[in-house]
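Here are the chains, one letter per residue:
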Amino acid sequence: MAPPLITTTTISLLFSLHSFSSSLIPKTTPRIAQPLLRFSFLDFLGIFFSLKVESLMRTAVVSGGGGLNSIGSMSTLSSEEKSMVMSSEDSSSYPDEPELELGLGLSLGGGKAKPRPPPAKAAAAGSWDQYARILTAKDFPSMVSTKASSSSSSSSSSPAAKANNNNGSCGTKRTAEPSSPPGRSAVSQVVGWPPIRAYRMNSLVNHAKSPAMEESASAIDKSKGMNLVLDKTNYSSNRNHNVAKERGLVKTSLFIKVNMDGIPIGRKVDLSAHSCYDSLAHTLDHMFKLSAAVGATRSKAEEEVIMGGKRRPPILLDSSSDFVLTYEDKEGDWMLVGDVPWEMFLSSVRRLRIRRTAEVNGLGLMKGTGDS
Amino acid sequence: MDPDQSEDSPSNSANSHGPTQPQSPFPDEVLEKVLSFIDSRKDRSSVSLVRKDWYNAERWTRSKLFIGNCYSVSPEIVARRFPRIKSVTLKGKPRFSDFNMLPRDWGANVHSWLVMFAKVYPFLEELRLKRMTVTDESLELLAKSFPRFKALTLSSCDGFSDNGLKAIASHCRNLTELDIQDSVTDDVGGGWLSCFPENFASLEVLNFSSLNCEVSFDDLERLVGRCKSLRVLKVNDSITLDQLRRLLVHAPQLMELGTGSFMQELTPRQYEDIESAFSNCRNLQVLSGLWEATSLYLPVLYGACASLTFLNLSDVALQSSEFAKLLVHCPNLRRLWVIDTVEDKGLEALGSSCPLLEELRVFPSDPYDRHHRDGVTELGFLAVSRGCRKLRYVLYFCRRMTNAAVVTIVQNCPDFTHFRLCIMTPGQPDYLTNEPMDEAFAAVVKTCTKLKRLSVSGLLTDLTFEYIGKYAKNLETLSVAFAGSSDWGMQCVLEGCPKLRKLEIRDCPFGNAALLSGREKYEMMRSLWMSSCNVTMKGCRLLAREMPRLNVEVIKDEGNDDGQADRVYVYRSVAGPRRDAPPFVLTL
């Protein structure tokens, strides 16, 4: 386990940031809603260490699970963490969030306040962003409106549940779920503010990203364009911006089309509601009724017993099944789903297609590093 | 069982007149005939208060029902009072549910209403729902219970899927309107469109622009071709430009069009074809959709814009230049919704191109300030106010504003009825003088005497609310966030503003004293919402005890301090406390 370094630079940065941010508290701060609860020293350490690691990696602040997991996961952070840390962007509803905030508050000696107005734009430059974001006070009611995430149309599988179950069911492709502090933008992310209808938010996000549009609309500067889906599509692009890409807490939808061989009408699935291939495959299975198609007669419970408590891999990820899940990536190539890390998949997928195995063999499908 | 006037009206019965009531100069049949011409809700309400026989005549002749808060009355009470209803409008959740401030499963389920309607109003023709939960089961019940059903509008509703819509399409033989606005559902599945029977041709309004589904284009094309009376067609983004062209060829008579995706690789020939298809639409008054439209494809529209009165660009982020070019072709524009990527420059072009403008809504492309874009500022608003003197409705999201600008704006446009200014940073002062924005809103309420709706933002002290209470005589809806200094502010509003109906407050330092000061007022209002303020359970209980005709509901947050009442919803009701309240809603 590589012990993270606590340098004097970091400490001084944190303390100076505290005085900076506290000077920005307006006179009319609404009262503190939440008493200091459930804070533990371990949480503090974990938060602190994860802060440090982030600064080392110079990535955008991310959203992730609660702070409690951070100690254990620190040991496994590697270069891949950069992408993993990006992954669990779903859900703004972490019951542990208050602890994170409180931990930071204590470390900086400040009391906890309700959402402060954000620091002036001048503050949002370079690495300040990360700290500023983490520190930004969060509206406490937003913590507990667990089901009311800003992107209203969450799919039937609760994103919060997914985030918490990550370690269990989706551990195959990575070693541990990093749990870094939830990301914040320079503006404090208060639930329901600015008051824009959830429908409109989703609309802005879902139609914002379009590579062709970027080419044709020359007036649109790439950084000024509608990159509201943020970095899912931009992440693996070659831009050398070191400006921390801000990731908000807001769960934004990422609907992509799914077609299946033999079915003329396609569907759409919200990728941001999933955090791993497993859950996506299960959802698609349900959507297109694939299990029924292959005549699964055993109930899931029975299957689990037979398999010794382990879940059978979903049909779409099972190489021996009749169906194969493929996706078209940004370059227009069709690839097998499941070969690259989830986040990389998210950043390059354009649409999905469920093909029947017989037809796949004729295609020149490109594969990733794994084998099917 | 035709509901016509020949039925015995209860006003004829001997018991309806009290012994002290003089004989009415009109026979009841005449009274009813006259009253049947009155449509306005307010007038009908006044009529029903004149005397008992008028009350009865009114209730027998009312055919349109409007219920602004579904919990203010119960289906039973409604059914008892109004026997002959053909059209129902029902609104459910408080407005802040649009911004995810209400937990799921809060309520406002339409099902119990439909069950009653199926029993009592078999000839129901129209149902318009807003912010209600509508399940597939409800839609199925609707489809099968009302043989004359014609018009369904679902605005900001949730809970339904493909199956419910399939039932509507399959069973409502006389359907003329299917209007789904801002739906909050997930992937609905597009099979429902194919369920309209082959001979079904009565559709006049079809709007599925907010549904996340892919429909069979062939079936859609056939449907549009059959429905010769179609005047409103709003498709979703699964429909391509070329497909749209084919639809337009079938329906050049359209008055309202919502396009699909406006980006597609087109050959020059296709480009010409779609241009001429648009030019053939001479009746177009409303245009929306335009997802992903770029400067390359916008020009195909120009031919259809001459008679345009409402242009909804809130789904496409245009730049100022292409926006300005488009506006040149829309001289008759009265309503415009746009995203702030057009910036101040675009709004200047608006001021010069569209002098008839009455409504402007500018939405933010970057609400969380991730990309530090400028968006629009006070300059853009000023420019519009100089060019468009008839402005009466504005919704403006910006990052900076000054008092001086607002004062000038309302001097230019004193006819505002709806003034909704959202300075996106909570508690932000005038960026030039660093003072609170009190003077801005003072000017608004003093100058705009017709003001009915106001949303305030920025750094505000109690002074703002003093002004509002004193001057806003016609104000009906007030939205406040991150503002005020003490209870006195809210008290001013509650003591002034004689016509106040809806008050929604969040994150303000108003406490129990303020809450209680309005106790009599709440019975004259539709509702009060307070969240993240200083109100406690004790205060709420006191209010509930003193005002039995109010429902005082607190939405409990887990892990929250028991004393604080974090989300409070108060509304008048003749139906008593909710019977379907979920566990996290406490009625005190």
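This write-up is about the structure you can find in this document. Source: prediction; values computed, not measured.

### Let's talk about the overall build of chain A
Thinking step 1. Regarding its fold elements, chain A presents 16 helices and 5 strands.
Thinking step 2. By the burial criterion, 56% of the 372 residues in chain A qualify as buried.
Thinking step 3. In chain A, 76% of the contacts between residues at least 6 apart in sequence involve partners at least 24 apart.
Thinking step 4. For chain A, the exposed area adds up to about 15500 Å²; of that, 57% sits on carbon and sulfur atoms.

### Focus on the side chain of Asn312(B)
Residues and elements named next belong to chain B.
Thinking step 1. For asparagine 312, the position within the fold is in strand β10 (residues 310-312).
Thinking step 2. Polar side-chain contacts of asparagine 312 include one of 2.6 Å to the side chain of serine 314.
Thinking step 3. What asparagine 312 contacts, discounting residues up to four positions off in sequence, is Leu287, Ser288, Gly289 and Trp337.

### Details of the pattern of salt bridges
Residue and element names in this part refer to chain B.
Thinking step 1. On inspection of all chains with the given rule, the structure shows 36 salt bridges over all chains.
Thinking step 2. Between aspartate 53 and arginine 51 there is a salt bridge, with its nearest N and O atoms 2.9 Å apart.
Thinking step 3. Within the structure, one salt-bridge network assembled from shared partners comprises Glu126, Arg128, Glu177, Glu204 and Arg231.

### Re the packing of aromatic side chains
Thinking step 1. All chains considered together, the criterion is met by 27 aromatic pairs over all chains.
Thinking step 2. Within the aromatic cluster, the residues linked to one another by ring pairs are Tyr71(B), Phe96(B), Phe99(B), Trp106(B), Trp529(B), Tyr569(B) and Tyr571(B).
Thinking step 3. Here the basic side chain of Arg200(A) rests over the ring of Phe363(B), its NZ or CZ set 3.8 Å away from the ring centre.

### Thoughts on the side chain of Arg399(B)
Thinking step 1. Examined against the element boundaries, Arg399(B) turns out to sit in the loop between β13 (393-398) and α14 (403-412).
Thinking step 2. One polar contact links the side chain of Arg399(B) to the main-chain carbonyl oxygen of Pro367(B), over a distance of 3.2 Å.

### What to know about the environment of Leu550(B)
Residues and elements named next belong to chain B.
Thinking step 1. Looking at the element boundaries, leucine 550 is found in strand β19 (residues 550-555).
Thinking step 2. A residue is classified by how much of its surface remains accessible, and leucine 550, at 4% relative accessible area, is buried.
Thinking step 3. As for leucine 550 and arginine 519, which are separated by 31 residues in sequence, their C-alpha atoms are 9.0 Å apart.
Thinking step 4. If sequence neighbours within four positions are ignored, leucine 550 has contacts with Arg519, Tyr522, Glu523, Leu543, Val570, Tyr571 and Arg572.

### Here's the deal with the nonpolar core
Thinking step 1. Counting residues in hydrophobic clusters, the biggest one holds 180 residues, and the most contacted among them are Trp192(B), Leu220(B), Phe416(B), Phe419(B), Leu454(B) and Ile468(B).
Thinking step 2. The greatest single-element share of this core, amounting to 6 residues, is contributed by helix α15 (residues 438-447) of chain B.
Thinking step 3. Setting aside residues no more than four positions away along its own chain, Phe416(B) makes contact with Phe381(B), Leu391(B), Arg392(B), Tyr393(B), Val394(B), Ile409(B), Val410(B), Cys448(B), Lys450(B) and Leu451(B).
Thinking step 4. Membership of the second largest hydrophobic core comes to 27 residues, among which are Val258(A), Phe288(A), Trp342(A) and Leu346(A).

### Structural notes on helix α10 (residues 268-279) of chain B
All names here are of chain B.
Thinking step 1. With 12 residues, α10 should cover 16 Å at 1.5 Å per step; its first-to-last C-alpha distance of 16 Å lies within 8% of that length.
Thinking step 2. Taken as a whole, α10 has its buried residues at Ile274, Ala277 and Phe278. Across the axial projection of α10, the buried residues extend over an arc of 95°, all falling on one side. Of the exposed residues in α10, the ones pointing more than 90 degrees away from its buried face are Pro268 and Arg269.
Thinking step 3. Its buried side turned inward, α10 meets α9 (241-250) and β8 (256-258).

### Side note on the pairing of strand β14 (residues 418-423) of chain B
Residues and elements named next belong to chain B.
Thinking step 1. Most of β14 is tucked away: 6 of the 6 residues are buried.
Thinking step 2. What you see with β14 is no split at all: His418, Arg420 and Cys422 on one side and Phe419, Leu421 and Ile423 on the other are buried throughout.
Thinking step 3. Here 6 bridges tie β13 to β14, and the two strands are oriented parallel to one another. Across the sheet, residue phenylalanine 397 finds its bridge partner in β14, namely cysteine 422.
Thinking step 4. Running through α14, the crossover from β13 to the neighbouring parallel element β14 is right-handed.
Thinking step 5. Sheet analysis places β14 next to strand β15 (residues 453-455), joined by 3 bridges and oriented parallel. Residue arginine 420 lies in a different strand from β15, and its bridge partner there is serine 455.

### Focus on the packing of helix α5 (residues 111-120) of chain B against helix α6 (residues 136-145) of chain B
Residues and elements named next belong to chain B.
Thinking step 1. Close contact between α5 and α6 brings their axes to 10 Å; oriented N to C, the two are set at 15°. Taken together, α5 and α6 sit at an angle that is classed as roughly parallel. Every pair of crossing elements has a handedness; the one defined by α5 and α6 is left-handed. Between α5 and α6, the residues in contact are His111, Leu114, Val115 and Ala118 and Glu137, Ser138, Leu141, Leu142 and Ser145, respectively.

### Things to note about the sheet that holds strand β2 (residues 263-270) of chain A
All names here are of chain A.
Thinking step 1. With mixed pairing, the 5 strands of this open sheet are ordered in space as β2-β1-β5-β3-β4. Where the open sheet ends on each side, the last strands, each with one partner, are β2 and β4 (334-336). Averaged over all pairs of adjacent strands, the angle between strand axes in this sheet comes to 30°, irrespective of strand direction.
Thinking step 2. Here strand β3 (residues 323-329) runs beside strand β5 (residues 349-356); their pairing, made up of 7 bridges, is antiparallel. Directly across from leucine 325, in β5, lies its bridge partner isoleucine 354.
Thinking step 3. Sitting on the sheet, helix α12 (residues 277-288) is in contact with β1 (255-260), β2, β3 and β5, with an inclination near 145° to β2.

### Description of helix α12 (residues 343-353) of chain B
Thinking step 1. If you check which residues of α12(B) are buried, you get Asp344(B), Gly346(B), Leu347(B), Ala349(B), Leu350(B) and Gly351(B).
Thinking step 2. Residues of α12(B) that are buried sit in contact with α11 (320-328), β11 (335-339), β12 (359-363), α13 (378-387) and β13 of chain B.

### Concerning a positive patch on the surface
Thinking step 1. A cluster of like positive charges, contributed by Arg41(B), Lys42(B), Lys452(B) and Lys499(B), occupies part of the molecular surface.
Thinking step 2. Residue position: Lys499(B) is located in the loop between α17 (487-495) and β17 (502-506).

### What about a nonpolar patch on the surface?
Residues and elements named next belong to chain B.
Thinking step 1. Taken together, the side chains of Phe26, Val30 and Val34 make up a nonpolar region of the molecular surface, amounting to roughly 250 Å² of accessible area.
Thinking step 2. Residue placement: valine 30 occurs in helix α1 (residues 28-35).
Thinking step 3. Take valine 30: its relative accessible area is 39%, and that puts it in the partly exposed class.

### Some remarks on the pairing of β19(B)
Two faces belong to every sheet, and in a regular strand the side chains alternate between them.
Residue and element names in this part refer to chain B.
Thinking step 1. Counting buried positions along β19 gives 6 out of 6 residues, so the element sits mostly inside the fold.
Thinking step 2. Side-chain alternation along β19 places Leu550, Val552 and Val554 on one buried face and Asn551, Glu553 and Ile555 on a second face that is also buried.
Thinking step 3. Relative to strand β20 (residues 567-572), β19 is paired through 6 bridges, and the arrangement is antiparallel. Across the sheet, the residue bridging to valine 554 is valine 568, located in β20.
Thinking step 4. Examined bridge by bridge, β19 and strand β21 (residues 585-587) share 3 bridges and lie antiparallel to one another. Note that in β21 the partner of glutamate 553 across the bridge is threonine 587.

### A look at the packing of α6(B) against helix α7 (residues 162-171) of chain B
All names here are of chain B.
Thinking step 1. Packing of α6 against α7 brings their axes to within 7 Å, and their N-to-C directions diverge by 5°. The angle between α6 and α7 places the two elements in the roughly parallel class. Taken together, the residues of α7 that come into contact with α6 (itself represented by Asp136, Leu139, Glu140, Leu142, Ala143 and Lys144) are Asn163, Gly164, Leu165, Ala167, Ile168 and His171.
Thinking step 2. Broken down by class, the residue content of the contact of α6 with α7 amounts to 6 nonpolar, 3 polar and 3 charged.

Cut-offs applied
Residues numbered from 1 in each chain as written. Chains lettered and ligands numbered in written order. Predicted model: local features only at pLDDT ≥ 70, side-chain atom pairs only at ≥ 80, totals over all residues. Heavy atoms only, no water. Helix = DSSP H or I, 4+ residues; strand = E, 2+ residues; numbered from the N terminus. Buried < 20%, exposed > 50% of the residue type's maximum accessible area, 1.4 Å probe, protein only. Contact = heavy atoms within 4.5 Å. Areas by Shrake-Rupley, 256 points an atom, 1.4 Å probe, with all protein chains shown as cover. Polar contact = N/O pair within 3.5 Å; in protein donor to acceptor, adjacent residues only side chain to side chain. Salt bridge = Lys/Arg side-chain N within 4 Å of Asp/Glu carboxyl O. Phe/Tyr/Trp six-rings, centres within 6.5 Å; stacked < 30°, edge-to-face > 60°. Lys NZ or Arg CZ within 6 Å of the ring centre and 35° of its normal. Core = buried A, V, L, I, M, F, W, Y, C linked by side-chain atoms within 4.5 Å. Expected span 1.5 Å × (residues − 1). Arc of directions from axis to C-beta. Pairing = 2+ DSSP bridges. Right-handed = clockwise from strand over helix to strand, strands pointing away. Axes fitted to C-alpha atoms, helices over the stretch in contact; angles between N-to-C directions. Parallel < 35°, antiparallel > 145°, perpendicular 65-115°, else oblique. Left-handed = near helix turned anticlockwise from the far one by under 90°. Patch = residues over 30% accessible without salt bridge, like charges linked within 9 Å, V, L, I, M, F, W, Y side chains within 5 Å. Lys, Arg positive; Asp, Glu negative; His and termini not counted. Charge placed at Lys NZ, Arg CZ, Asp CG, Glu CD. Nonpolar A, V, L, I, M, F, W, Y, C, P; charged D, E, K, R; others polar.

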